[in-house]
Amino acid sequence: MRLRHKPWAKDKLAEHASIVVHNPEEKRGKWHELFGNDKPIHIEVGTGKGRFITGMAKANPHVNYIGIELQDSVIVGALDLILEDVTPNIRLLNQNAEDLQKFFESNEIDRVYLNFSDPWPKNRHEKRRLTYKTYLKMYEDILVENGEIHFKTDNQGLFEFSLKSFSEYGLLLKFVSLDLHHSDFEGNIMTEYEEKFASKGNRIYRSEVQYRSSNLS
Ligand code: SAM
């Protein structure tokens, strides 16, 4: 994401503490309480400017959503989208996903979305890819037993790496599309990057994988 520095972003995020949760460690194990219901919780890691997660929250009132984004100048865009049309089932975290286990307890999250994650194309940077095995372990630690990861990208190299990483980790491949926008998949909600890359004619790849119960793996 090309980053335009917004010096006022931090203050704006702080002003909206009912949407941007500033002390997520204190909410560990208490997210259902915070949402005030027992609906499933889906997180998006690297939520960017929030088009996907706000669209999902509107389309799926039976699900709670948490968008996690490292850059304050970027996530403030997601906050603006939420402020335009507030839905009760969405929260934002301006945090690093490396700390996911500090924010969420085991079995607290039902699904992880990864959309157009940074590809880190150099081999020596593969550990930084959000589908590297150490991240898969982190997601496993916070997900329910048969929790899922839904992943979209236009980057063929990252997609191939990720399918291999999922498979080596023992995840079950439930869905794969090598050309999402020319498939019969229904209900796709586009991200900012997806719109940009698809309009240039790039192919969009998508997969859904599931953690298996321990007796099956
Ligand atoms: N998902 C959005 C989309 O599809 O439009 C944004 C994609 S952008 C390429 C990747 C985003 O992931 C960036 O905004 C970046 O700051 C964020 N990101 C990368 N690593 C992260 C991490 N460890 N924790 C939280 N956010 C991260």
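As annotated in an unreviewed UniProt entry, the chain carries the name tRNA (guanine-N(7)-)-methyltransferase and comes from Bacillus suaedaesalsae. As recorded by UniProt, the Sequence similarities (unreviewed entry) comment attached to the chain reads in full: "Belongs to the class I-like SAM-binding methyltransferase superfamily. TrmB family." Quoted verbatim from the Catalytic activity (unreviewed entry) field of the UniProt record, the comment on the chain reads "guanosine(46) in tRNA + S-adenosyl-L-methionine = N(7)-methylguanosine(46) in tRNA + S-adenosyl-L-homocysteine".

Student: I'm lost on the overall build of the chain in this one. Help?
Tutor: Helices and strands together make up the secondary structure of the chain, namely eight helices and seven strands. Relative to a compact globule of 217 residues, whose C-alpha radius of gyration would be 17 Å, the chain shows 17 Å and is just as compact. Expressed along its principal axes, the backbone C-alpha trace of the chain runs to roughly 45 × 40 × 35 Å. Residues counted as buried form 46% of the 217 residues belonging to the chain. The contacts in the chain between residues at least 6 apart in sequence include a share of 77% that link residues at least 24 apart. Only carbon and sulfur atoms are counted for the fraction: they give 47% of the accessible area of the chain, which is about 11200 Å². With 30 positive and 33 negative side-chain charges, the chain shows a spacing of 5 Å between the two charge centroids.

Student: Which parts of the structure should I look at to understand a positive patch on the surface?
Tutor: A cluster of like positive charges, contributed by Arg4, Lys49, Lys196 and Lys200, occupies part of the molecular surface. Along the chain, Lys200 falls in the loop between α8 (192-199) and β7 (205-210).

Student: Before we go on, may I ask you to explain the UniProt feature "binding site: substrate" (unreviewed entry) in the chain in this structure?
Tutor: Sites flagged by UniProt as "binding site: substrate" (unreviewed entry) map to Lys122, Asp154, Thr191, Glu192, Tyr193 and Glu194. These annotated residues cover 73 residues of sequence, and their C-alpha atoms reach 24.6 Å apart at the extremes, leaving them scattered rather than at a single site. Along the chain, Glu192 falls in helix α8. Take Glu192: its relative accessible area is 26%, and that puts it in the partly exposed class.

Student: Which parts of the structure should I look at to understand the packing of helix α6 (residues 133-142) against helix α7 (residues 156-169)?
Tutor: The angle between the axes and the distance between the axes are what describe a pair of packed helices. At their nearest, the axes of α6 and α7 sit 10 Å apart, and the two run at 55° to each other. Taken as axis vectors, α6 and α7 run oblique relative to one another. Like other packed secondary-structure pairs, α6 and α7 cross with a definite hand, here right-handed. The residues of α7 that touch α6, namely those facing Lys133, Leu136, Lys137 and Glu140, are Ser165, Phe166 and Tyr169. Grouping the amino acids of the contact of α6 with α7 by side-chain chemistry returns three nonpolar, one polar and three charged.

Student: Would you take a moment to explain the site of the ligand for this structure?
Tutor: Close contacts around the ligand come from 17 residues, with Gly46, Glu69, Asn96, Ala97 and Thr191 the closest. Interatomic distance of 2.9 Å between a backbone N/O atom of Asn115 and a nitrogen atom of the ligand. Measuring from an oxygen atom of the ligand, one finds a side-chain N or O atom of Thr191 at 2.7 Å. For the ligand, whose accessible area on its own is 600 Å², the fraction buried by protein is 93%. Grouping the amino acids of the shell around the ligand by side-chain chemistry returns five nonpolar, eight polar and four charged.

Calculation criteria
- Residues numbered from 1 in each chain as written.
- Predicted model: local features only at pLDDT ≥ 70, side-chain atom pairs only at ≥ 80, totals over all residues.
- Heavy atoms only, no water.
- UniProt positions renumbered as here; feature names shortened; annotations may be inferred.
- Helix = DSSP H or I, 4+ residues; strand = E, 2+ residues; numbered from the N terminus.
- Rg over C-alpha atoms; globule rule 2.2 N^0.38 Å.
- Buried < 20%, exposed > 50% of the residue type's maximum accessible area, 1.4 Å probe, protein only.
- Contact = heavy atoms within 4.5 Å.
- Areas by Shrake-Rupley, 256 points an atom, 1.4 Å probe, with all protein chains shown as cover.
- Lys, Arg positive; Asp, Glu negative; His and termini not counted.
- Charge placed at Lys NZ, Arg CZ, Asp CG, Glu CD.
- Patch = residues over 30% accessible without salt bridge, like charges linked within 9 Å, V, L, I, M, F, W, Y side chains within 5 Å.
- Salt bridge = Lys/Arg side-chain N within 4 Å of Asp/Glu carboxyl O.
- Axes fitted to C-alpha atoms, helices over the stretch in contact; angles between N-to-C directions.
- Parallel < 35°, antiparallel > 145°, perpendicular 65-115°, else oblique.
- Left-handed = near helix turned anticlockwise from the far one by under 90°.
- Nonpolar A, V, L, I, M, F, W, Y, C, P; charged D, E, K, R; others polar.
- Near = heavy atom within 4 Å.
- Polar contact = N/O pair within 3.5 Å; in protein donor to acceptor, adjacent residues only side chain to side chain.

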